[in-house]
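# Chains, contacts and geometry: an overview
Chain residues, written in single-letter form:
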Amino acid sequence: MASGTEEAALGYEEARDELIEVVRRLEAGGTSLEDSLALWERGEELAKVCRRRLEGARARLDASLAAERQAEAAEAGGGDA
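The rules we used
Residues numbered from 1 in each chain as written. Predicted model: local features only at pLDDT ≥ 70, side-chain atom pairs only at ≥ 80, totals over all residues. Heavy atoms only, no water. Helix = DSSP H or I, 4+ residues; strand = E, 2+ residues; numbered from the N terminus. Areas by Shrake-Rupley, 256 points an atom, 1.4 Å probe, with all protein chains shown as cover. Expected span 1.5 Å × (residues − 1). Buried < 20%, exposed > 50% of the residue type's maximum accessible area, 1.4 Å probe, protein only. Salt bridge = Lys/Arg side-chain N within 4 Å of Asp/Glu carboxyl O. Core = buried A, V, L, I, M, F, W, Y, C linked by side-chain atoms within 4.5 Å. Contact = heavy atoms within 4.5 Å.

Moving on, we come to the overall build of the protein. Looking only at helices and strands, the protein features three helices and zero strands. Tracing the protein from N to C terminus, the helices and strands come up as α-α-α. When the accessible surface of the protein is summed, it comes to about 6100 Å², and 54% of that surface belongs to carbon and sulfur atoms.

What follows is the structure in structure tokens.
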């Protein structure tokens, strides 16, 4: 299992690629129940990392778009004076 520090160090692409590999190994079968459970747990952790990274990117994009709209509104409002 990954520690919080290890998860924080994983970028989206790294976590996604490892998650793809975990899914591939689970789908291929041939692993013991214990190994399958460990893979499943790792996959859940990786999915959470991906979800957090995507949510963070979405929040940054939303903030940037909001700032742009505010700047445009300020320019439009300042021209009326």
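So that's the structure; there's more coming.
The next subject is helix H3 (residues 33–78). Between its terminal C-alpha atoms H3 stretches 67 Å, which fits the 68 Å expected from 46 residues at 1.5 Å a residue. Buried within H3 we find Leu 39, Arg 42, Gly 43, Glu 45, Leu 46, Val 49 and Cys 50.

Applying the stated criterion across every chain yields a total of five salt bridges. Asp 17 is paired through a salt bridge with Arg 16; the nearest N and O atoms lie 3.0 Å apart. The exposure class assigned to Asp 17 is partly exposed, which follows from its relative accessible area of 41%. For Arg 16, a relative accessible area of 31% puts it in the partly exposed group. Of the charged contacts in the structure, one is a salt bridge between Arg 42 and Glu 45, with a shortest N-O distance of 3.2 Å.

The subject of this paragraph is the nonpolar core. Residues Leu 10, Ala 15, Val 22, Leu 39, Leu 46, Val 49 and Cys 50 constitute the largest nonpolar core, which totals seven residues. Only helix H2 (12–28) and H3 provide two or more residues apiece to this core. By residue number, the principal contributor to this core is H3, which donates four residues. Not counting the four nearest positions on each side in its chain, Val 22 is found in contact with Leu 39, Arg 42, Gly 43 and Leu 46.

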